[in-house]
Each structure stands twice: as structure tokens, then as C-alpha cells.
Amino acid sequence: MEQSQSGATPALTYLIERGIACEELTYEHTDGFEGGFGVEAAAKLGASTDDVFKTLMLEADSRAVAVLIPASHRLSLKKVARSIGAKRAELMDPKKAQQRSGYVVGGISPFGQKQPHELVVDEGVLALTHMIVSGGRRGLSLRMKVTDFLDVSRATVADIVAQ
């Protein structure tokens, strides 16, 4: 896989500084793409929506949490709360998510966020060899080994998708 610092985002810089190999995948973002940002990335990259993980920002009790789920799934707020020992979880207001992460909605990467957040990834990731996450801007995704993702992110792995 390739590493490049061309137009490096904080996410790319974070991974490069830690020696994590990733492949930069780019596509032309279209406002209002049906199905959302993760589905758009999968479609335009020719990838499965099970391999593309969308990053969502939540508030769980008084904690800010970033969660990653496959673009093909919906999030279960109850499962997330249970997985981190919180009473309840809710989606963070988009403006607050942008302020806390330092990224625009639709381009929020789990890496290089402005403020560090607890991270939870759906257990479906364990069935994959590689995964695709946001690279820190709309139209930029990063393909990386799941083992590298888990090592560098120290994410909690849990069943967090709705059935």
C-alpha cells in the first residue's frame, strides 16, 4: 500500500507519524448523494458497503465518542451505550461534531481529531482483512489493514449495529 503526503490531512499525518501504511483513495464528492456519505464512497470507489466504515460522533452520558460502522448498516445507540458502560447515547449535533473532531461532516476521520475521543468499531470489522475509513475530507478515503487500524486506534470492538 502507498503512503503519500500530498494534501495530507490531520488523519494522514497521524497515520504516517505512527508508521501505519494506508492507501489513499479519492473520488469526486457529490452533494446530496442518495444513501449518505459512506454509501457514496463505496459506490464511487467500487467497494462493498461492508468494507467502507462511516464515522459517527456521539454523546454517551457526558462523554464524546466516535463510532465506526459499515456504510451498509444503521447504528444501535442502545448497543453503543451498553458497550461502553453508559446509560444512554445520542448522535452529536453536526456543528458540535465538526468543532470537536476538526473535520466536516461526511469527512470525519477516526484519526487526527482535534480533541481525542473514545472510539468504538463494530465487530463486523473482525471478518475483514482491509477496511476503508474517511481520510479527513469528503472525497478522500483510506484503505488499511484491519490489524493496523485496531493497533493504532485502540478501539473497543463491539456489536453496535441495529439488526
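Described below are features of the structure shown in this document. (Residues numbered from 1 in each chain as written. Predicted model: local features only at pLDDT ≥ 70, side-chain atom pairs only at ≥ 80, totals over all residues. Heavy atoms only, no water.)

Take the environment of D51 next. Along the polypeptide, D51 turns up in the loop between α2 (37-45) and β2 (53-60). The exposure class of D51 is partly exposed, given its relative accessible area of 25%. Apart from the residues within four sequence positions on either side, D51 is in contact with L128, M131 and I132. (Helix = DSSP H or I, 4+ residues; strand = E, 2+ residues; numbered from the N terminus. Buried < 20%, exposed > 50% of the residue type's maximum accessible area, 1.4 Å probe, protein only. Contact = heavy atoms within 4.5 Å.)

Now for the side chain of S76. Topologically, S76 is positioned in the loop between β3 (63-70) and α3 (77-83). With a relative accessible area of 13%, S76 lands in the buried category. Beyond its immediate chain neighbours, meaning those up to four positions away, S76 contacts I160, V161 and A162.

A word on the sheet that holds strand β4 (residues 89-91). Sheets are built from strands that pair by backbone hydrogen bonding, the pairs being arranged parallel or antiparallel. Pairing is mixed across the open sheet formed by 5 strands, whose spatial order is β4-β2-β3-β5-β8. Strands with a single pairing partner mark the edges of an open sheet, and in this sheet they are β4 and β8 (156-158). This sheet shows a mean twist of 35 degrees between the axes of neighbouring strands, independent of strand direction. Where β3 lies against strand β5 (residues 118-122), 4 bridges are found, and the strand directions are parallel. (Pairing = 2+ DSSP bridges. Axes fitted to C-alpha atoms, helices over the stretch in contact; angles between N-to-C directions.)

If you trace the backbone, S109 turns up in the loop between α4 (94-101) and β5. Here the side chain of S109 touches S134 through a polar contact of 2.9 Å, landing on its backbone oxygen. Excluding residues within four positions of it along the chain, S109 makes contact with A11, T55, Y103, S134, G135 and G136. (Polar contact = N/O pair within 3.5 Å; in protein donor to acceptor, adjacent residues only side chain to side chain.)

What the rule picks out here adds up to 2 aromatic pairs. With 5.8 Å between their ring centres and 25 degrees between their planes, Y14 and F111 make a pair best called stacked. On the criterion of sequence distance, the pair formed by Y14 in helix α1 (residues 10-17) and F111 in the loop between α4 and β5 is long-range, its members being 97 residues apart. Relative accessible area serves as the criterion here: at 23%, Y14 is assigned to the partly exposed category. Their ring planes at 70 degrees and their centres at 5.6 Å tell us that F111 and F149 sit as a pair that is edge-to-face. Pair noted here: F111 is in the loop between α4 and β5 and F149 is in helix α5 (residues 146-153), with a separation of 38 residues, a long-range link. Neither F111 nor F149 differs from the other in exposure class; each is buried. Clustering of aromatic rings is evident, with ring pairs tying together Y14, F111 and F149. The ring of Y14 has R18 lying over it, and the distance from NZ or CZ to the ring centre is 3.5 Å. (Phe/Tyr/Trp six-rings, centres within 6.5 Å; stacked < 30°, edge-to-face > 60°. Lys NZ or Arg CZ within 6 Å of the ring centre and 35° of its normal.)

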